[in-house]
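# Architecture at a glance
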Amino acid sequence: MRASLIALTLLLPLGLSAATVDGSRSFVVSEPSAGNAYFYGGDLSVGAPVSGDLMAAGGNVTVSAPVSGDALLAGGSVDVRKPVSGDVRAFGGRITLDDTVGGDVVALGGSVSVASTPAFAWVGGVSVSFTNGAHGPVTIYGSAVTLAGTFDSDVDVVTSDRLTIADGTVIKGHLRYDAPQQVDIPTTATIGSVIYTGKSFLPTTQEAQSFAVAGASIFFLVRILAAIIAAGLLAGLFPALA
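Please read all numbers here as calculations on a predicted model, not as lab measurements. (Residues numbered from 1 in each chain as written. Predicted model: local features only at pLDDT ≥ 70, side-chain atom pairs only at ≥ 80, totals over all residues. Heavy atoms only, no water.)

## Concerning the overall build of the chain
In plain terms, the rule: Runs of E in the DSSP output that reach at least two residues are strands. Runs of H or I that reach at least four are helices, and both are numbered from the N terminus. Think of it in three bands: residues with accessible area under 20% of the maximum for their type are buried, residues over 50% are exposed, and the middle band is partly exposed, with areas taken using a 1.4 Å probe on protein chains only. The contact rule is simple, with two residues in contact once any of their heavy atoms fall within 4.5 Å. The Shrake-Rupley method, run with a 1.4 Å probe, gives the accessible areas here. Residue values count only the displayed protein chains as cover.
When its secondary structure is counted, the chain shows two helices and 13 strands. Looking at the chain residue by residue over its 242 residues, the buried ones come to 48%. Looking at the chain alone, contacts between residues at least 24 apart form 12% of all its contacts between residues at least 6 apart. Carbon and sulfur atoms make up 59% of the accessible area of the chain, which totals about 11,100 Å².

Written out as structure tokens, the structure is:
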């Protein structure tokens, strides 16, 4: 059920009304956007507040101003340094979420660092770390996974290498993890219950379903980004029609 909800939220595009569309090889946003904003560029820096949803794609994407709505971000590197009031969906080689996210976080990347205490999180990556916990349930697929901070709900982890729990970590729900070996839990950590499921060479039905959802999500993300670029070209070539 949760995987189906993730697929639905990933495939639904952000609203298209009151939109700002722009793009170039290197682009710095310095003027506030009225309504939703769509940007793309080789190196993209959003330095002015966005009053609606933000959709941005580029070689390097940096968000250094607040976003009042949701954010859909894709790039070789994605760095969110200011609060996002809604949900965040991020895809990239390196993803860093440094500030508050009011809604959910769905992220797929090589390296993913989350310090945003989201309401719900589904994260996949080679290296995944949560430094401040989360307000809601968390699901992580990765090779090296690190947990720190306070988690107000359940945490489910599937790792092919290792799981690390930092000193003082609090998990108020259960910690269920699938790993090659059992994790060393510090004496200063507090966990409601620990469920170690071992490590199998074949994925479970639930894991296979989650991987399929991730693959489909990336496919549809590419199609969404292609639509953004097409919208930008139309806006430039036919401003009256746009």
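## Some thoughts on the nonpolar core
We apply this condition: Among buried residues, those of type Ala, Val, Leu, Ile, Met, Phe, Trp, Tyr and Cys that are joined through side-chain atoms within 4.5 Å constitute a nonpolar core.
Leu54, Leu73, Phe130, Leu147, Val157 and Leu175 are the most contacted members of the largest nonpolar core, which has 47 residues in total. Dropping the residues within four chain positions of it, Val157 is found in contact with Ile140, Val145, Leu147, Leu163, Leu175, Arg176, Tyr177 and Asp178. If you look at the next biggest cluster of nonpolar residues, it comprises 11 residues, including Leu108, Phe120, Tyr141 and Val158.

## Side note on the confidence of the model for the chain
Applicable threshold: One confidence number per residue, pLDDT, is output by the predictor and ranges from 0 to 100.
Of all residues in the chain, 70% have pLDDT values of 70 or greater, and the mean over the chain is 80. The lowest-confidence element of the chain is helix H1 (residues 2-11), averaging 42 in pLDDT; the highest-confidence one is strand S10 (residues 150-151), averaging 97. Of the regions scoring below 50 in pLDDT, residues 1-18 engages in 33 contacts with residues more than four places distant in sequence or in other chains. Scored below 50 in pLDDT, residues 232-239 makes five contacts in the model with residues more than four places away or belonging to other chains.

## Details of the packing of aromatic side chains
Selection criterion: Each Phe, Tyr or Trp ring (for Trp, its six-membered ring) is paired with any other whose centre lies within 6.5 Å, and the angle between the two planes then decides the class: stacked below 30 degrees, edge-to-face above 60, tilted in between.
In this structure the tally under the stated criterion is three aromatic pairs. Taking the centre distance of 5.8 Å and the plane angle of 45° together, the rings of Trp122 and Tyr141 count as tilted. One end of the pair, Trp122, is in strand S7 (residues 120-130); the other, Tyr141, is in strand S9 (residues 138-147), with 19 residues separating them in the sequence. Here Trp122 matches Tyr141 in class, with each residue buried. When the ring of Phe130 is compared with that of Phe151, the centres are 6.1 Å apart and the planes differ by 50°; the resulting orientation is tilted. Highlighted residues: Phe130 in strand S7 and Phe151 in strand S10, separated in sequence by 21 residues. Overall, Phe151 belongs to the buried group, its relative accessible area being 0%.

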